[in-house]
Amino acid sequence: MAVVQKARQTQAQNRPPLRRGHWKSLAQLENLCKQLYETTDTTTRLQAEKALVEFTNSPDCLSKCQLLLERGSSSYSQLLAATCLTKLVSRTNNPLPLEQRIDIRNYVLNYLATRPKLATFVTQALIQLYARITKLGWFDCQKDDYVFRNAITDVTRFLQADTTHPLTKHRKIASSFRDSSLFDIFTLSCNLLKQASGKNLNLNDESQHGLLMQLLKLTHNCLNFDFIGTSTDESSDDLCTVQIPTSWRSAFLDSSTLQLFFDLYHSIPPSFSPLVLSCLVQIASVRRSLFNNAERAKFLSHLVDGVKRILENPQSLSDPNNYHEFCRLLARLKSNYQLGELVKVENYPEVIRLIANFTVTSLQHWEFAPNSVHYLLSLWQRLAASVPYVKATEPHMLETYTPEVTKAYITSRLESVHIILRDGLEDPLEDTGLVQQQLDQLSTIGRCEYEKTCALLVQLFDQSAQSYQELLQSASASPMDIAVQEGRLTWLVYIIGAVIGGRVSFASTDEQDAMDGELVCRVLQLMNLTDSRLAQAGNEKLELAMLSFFEQFRKIYIGDQVQKSSKLYRRLSEVLGLNDETMVLSVFIGKIITNLKYWGRCEPITSKTLQLLNDLSIGYSSVRKLVKLSAVQFMLNNHTSEHFSFLGINNQSNLTDMRCRTTFYTALGRLLMVDLGEDEDQYEQFMLPLTAAFEAVAQMFSTNSFNEQEAKRTLVGLVRDLRGIAFAFNAKTSFMMLFEWIYPSYMPILQRAIELWYHDPACTTPVLKLMAELVHNRSQRLQFDVSSPNGILLFRETSKMITMYGNRILTLGEVPKDQVYALKLKGISICFSMLKAALSGSYVNFGVFRLYGDDALDNALQTFIKLLLSIPHSDLLDYPKLSQSYYSLLEVLTQDHMNFIASLEPHVIMYILSSISEGLTALDTMVCTGCCSCLDHIVTYLFKQLSRSTKKRTTPLNQESDRFLHIMQQHPEMIQQMLSTVLNIIIFEDCRNQWSMSRPLLGLILLNEKYFSDLRNSIVNSQPPEKQQAMHLCFENLMEGIERNLLTKNRDRFTQNLSAFRREVNDSMKNSTYGVNSNDMMS
């Protein structure tokens, strides 16, 4: 500590005295920090945030941060300083010099050592700063010394005393850290834990308590390390395998490591136990290939013994955190080991009994830690699914215990209903996502010993249904009793749907299908009862359960793949007189119409009902059977608000509630198309309600004063309906009928709506989406006759709409960050999609526009550029839909309209190239692949123009090409940067689209041969001396047989060479802990 204090004193002596101006700005900064973190006034906080962002970007930020740490009076100012310093050391453009980063690192360690009473969040931020400096400087050398790799030494000395970097760099640092240091840290933490468990720790002493907690966290972080770079989301629990390196084998073959954590669990207070169990979860998930069969069996035996010991002494499991982690540990027993291995464990019969009892007890106490149930059900789901495949001779005993688990789940849910209603508790049925997840798991568990499951469900259903019927007939029945029975029936209908959905075709028998028939009959009889009462009263949750049941029934028993001789249909015929699939479909349609009639104002029921109709309309055979039903013909002839209240426009709470109309008309469109053919009269008849709506809007627009809200509702409902029809009409004949109906008569109305309400996304989004659908050449439906100008006329309308919307949306001025997507970017994104669909639809010859002096194409493209320049680069990648629509449009433009791109102003070209450069490293593979394609088109264009300019030709280059070449020659760094980025990704990253990456790379190399040569030398020189020759040879082989042209044959050869190059480089670097210096191509 004395050394540290001396360093601090020296630092203080050498520091220049503060000027008064500094004090003033320091006080201002402290005040801003207080406003940011303490004020409840949103405006004040936003202003403070804005000012502090400016401070972060100011040139004297570094010195001010030091002042804040030294003289700041509040923890918030210290937090700001730590955060700003972290940003400064993380930046890739204009990075801090090495000496400065070393100084900051040493300063932070000294600061932490001399200020033990810092606020926890400040300590955490400073540790994060230290970790960031260490990580980003992992490969930095000073006089042949890796200065930031002494982390363990530095921190040990300290204890004795008391993103935007490329993904590749992070991965290389993590890999090197894993290979050189991580196992030592893990061993150290385990040894310290052994020492701690051997001593009588005084955990009332805050320092000893904190030390043990941090030790456990350190061990857990070691086990939770992303060993192979596959975890993009650290919070995810899906990665059930921990990819421990082979070099760690000794620690896991030694049973004392596993025993240490089980002993710790039993010996330390419950407040530490969740972390111990978290470590055990990770240890239980060690990859299978770390052991041979005998070693794995031994490891599993120790693991199961430890679990058994916890189950025999379950006192600590009353703590919800312990209980949750223990449930996770149980789930890992089956996710990482096979049932055939588990049954061979010596204590298996006793352990499976204890686990079954624990599960049953847990399910019965449904109100305790409900989020942990998922893991228990996951264990039993995996066990039940394995039964048909287990080959071991030892009994698995699941036929005994699985029905107990099924029964416990079902009965506990039914018993919860009364308590929830009586005490006004939160109803689990409200969380449909959680319920659906549990039902998916139960569908597999319930299918094990299915006879017992069905017998239980029939018994419970009959009891509840009978009680419900009696209560409805009784004049003195209390609403509470009716509500309880409805709640029980809701659960039962959900569960019946789930177990029917769990049917696996190859494993089911006729007897099981007959049992399904028993269950289906009961639900349909209940439906008849509840539907008959809808005029008086209905239960929303029960209706949603019915729809869930219908969806499962449809998936299993309706469609082209189902055997109609199924015993289920025989049972339906005997009980309900439903003799075949057509009659069952009539029940579906009857239910759909009933729901739309009575539940039209209930959005959840309406949307799920329409989704069911939509799903039914997709099947080839079912849609043909549906069309023959009188109820479907009724829908096709009477789709008005008079019969379907959700189509009404007067009582809608807001415009977004109309979304479900698109689904409805998609289904109706498919049903109409079955027999439509070329029958224009039938089409006109079907469109009558929509024609009337268009005429009504046209009438309103023709007057100076009209009811704006009514006009908006009518138009939004109408365009949503039309988009559904346009999506369904994917054949030329039917789509042409729609096109001729809407153009030219009604297109001006859509244009007028955009003009009037451009600032209201609730109106513009549906209109723009309809237009984007109309110009989409889905299934080659936009095939106009050779004498028809309709393709060009349709593009003119598209151009007009994009131009009108684009020019007006740009007048909005500055939009708050939290509203920018909804108010502006979403509409722009749809315009990009619309333009892309029109440009790539192959139904317009775009060369004729300029030839005949038509400015439609130019207007659309110029508007695209204006809109693009209004969007910051960061937003292009921050909003997935925007980035996908932008990059797919750019791909089309660079492919077919490169002359337009070449004619743009230099700053626009640089903006587009920058966006491509950033997109190359995007996490979204579609975006990355699109950027490769764009870059390939641009590089190919450049190469061709350069080749032409060097040849003696009578025809000079056109003005655009000449200027484009000039711009590229003035700014070679952009193309060079992309060359290094692509090469970097191919060599050092898990490149998922290698073929796409290879296409622009050859052009980039040929355009920048000297830069490529320097880059190659830099990479070769960054390798250890003994590896440099091998790396040099890899690069030689890459260009072997490659000519200086971009012909397809040459490109293909380069792509093959690149695959071999990547393999060789990876093999060469596998055993190397060296990497590329941070000042080279990766910076």
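Residues numbered from 1 in each chain as written. Predicted model: local features only at pLDDT ≥ 70, side-chain atom pairs only at ≥ 80, totals over all residues. Heavy atoms only, no water.

A. Main features of the overall build of the protein chain. In terms of helices and strands, the protein chain carries 51 helices and two strands. What you see for the protein chain is a C-alpha radius of gyration of 35 Å, in line with the 31 Å of a compact globule of 1083 residues. Dimensions along the principal axes, computed over C-alpha positions, put the protein chain at roughly 90 × 90 × 65 Å. Relative to its full complement of 1083 residues, the protein chain shows a buried share of 52%. As displayed, the protein chain offers around 50,000 Å² of accessible surface, 49% of which is attributable to carbon and sulfur atoms. The positive charge centre, built from 106 side chains, and the negative charge centre, built from 111, are 6 Å apart in the protein chain. (Helix = DSSP H or I, 4+ residues; strand = E, 2+ residues; numbered from the N terminus. Rg over C-alpha atoms; globule rule 2.2 N^0.38 Å. Buried < 20%, exposed > 50% of the residue type's maximum accessible area, 1.4 Å probe, protein only. Areas by Shrake-Rupley, 256 points an atom, 1.4 Å probe, with all protein chains shown as cover. Lys, Arg positive; Asp, Glu negative; His and termini not counted. Charge placed at Lys NZ, Arg CZ, Asp CG, Glu CD.)

B. Just the nonpolar core, in detail. Of all hydrophobic cores here, the largest spans 312 residues; its most connected members are Phe-252, Trp-380, Phe-664, Leu-738 and Phe-795. The dominant element in this core, judged by the number of residues it contributes, is helix α22 (residues 479–501), at twelve residues. Among all residues touching Leu-738, those that are not within four sequence positions of it are Tyr-683, Met-687, Leu-722, Ile-725, Ala-726, Phe-729 and Leu-774. Counting residues in hydrophobic clusters, the runner-up holds 41 residues, among them Ala-48, Ile-102, Ile-104 and Val-147. (Core = buried A, V, L, I, M, F, W, Y, C linked by side-chain atoms within 4.5 Å. Contact = heavy atoms within 4.5 Å.)

C. Broad picture of the pattern of salt bridges. Scanning all chains against the criterion turns up 35 salt bridges. Across the pair Arg-571 and Glu-574 runs a salt bridge whose closest N-O atoms are separated by 2.8 Å. With a gap of three residues between them, Arg-571 and Glu-574 both fall in helix α25 (residues 567–576), about one helical turn apart. Its salt-bridge partner being Asp-854, residue Arg-796 comes within 2.8 Å of it at the nearest N-O pair. Separated by 58 residues along the polypeptide, Arg-796 in helix α37 (residues 790–809) and Asp-854 in the loop between α39 (847–851) and α40 (856–869) bring together distant segments of the chain. (Salt bridge = Lys/Arg side-chain N within 4 Å of Asp/Glu carboxyl O.)

D. Geometry of the environment of Leu-519. If you trace the backbone, Leu-519 turns up in helix α23 (residues 510–532). With residues near it in sequence (within four places) discarded, Leu-519 still touches Tyr-450, Cys-454, Leu-457, Val-458, Ile-496 and Val-499.

E. Spatial organisation of helix α17 (residues 348–364). A rise of 1.5 Å per residue sets the reference length of α17, with its 17 residues, at 24 Å; its end C-alpha atoms lie 24 Å apart and thus fit the reference within 8%. Every buried residue belonging to α17 is among Tyr-348, Val-351, Ile-352, Leu-354, Ile-355, Ala-356, Phe-358, Thr-359, Val-360, Ser-362 and Leu-363, and all of these are buried. Looking at the buried side of α17, the elements it contacts are α14 (293–312), α15 (320–335), α16 (339–342), α18 (373–386) and α19 (398–423). (Expected span 1.5 Å × (residues − 1).)

F. Structural detail: the packing of aromatic side chains. Overall, the coordinates contain 40 aromatic pairs when judged by the stated rule. Each ring, one from Phe-1012 and one from Phe-1035, has its centre 6.1 Å from the other, and the planes form 65 degrees; the classification is edge-to-face. Of this pair, Phe-1012 sits in helix α49 (residues 1009–1021) while Phe-1035 sits in helix α50 (residues 1025–1038), and the two are 23 residues apart along the sequence. In this pair, the class of Phe-1012 matches that of Phe-1035, namely buried. Clustering of aromatic rings is evident, with ring pairs tying together Phe-549, Phe-550, Phe-553, Tyr-557 and Phe-588. The ring of Tyr-450 is capped by Arg-447, whose NZ or CZ atom sits 3.9 Å from the centre of that ring. Cation over ring: Arg-624 sits above Tyr-620, and NZ or CZ is 3.9 Å from the ring centre. (Phe/Tyr/Trp six-rings, centres within 6.5 Å; stacked < 30°, edge-to-face > 60°. Lys NZ or Arg CZ within 6 Å of the ring centre and 35° of its normal.)

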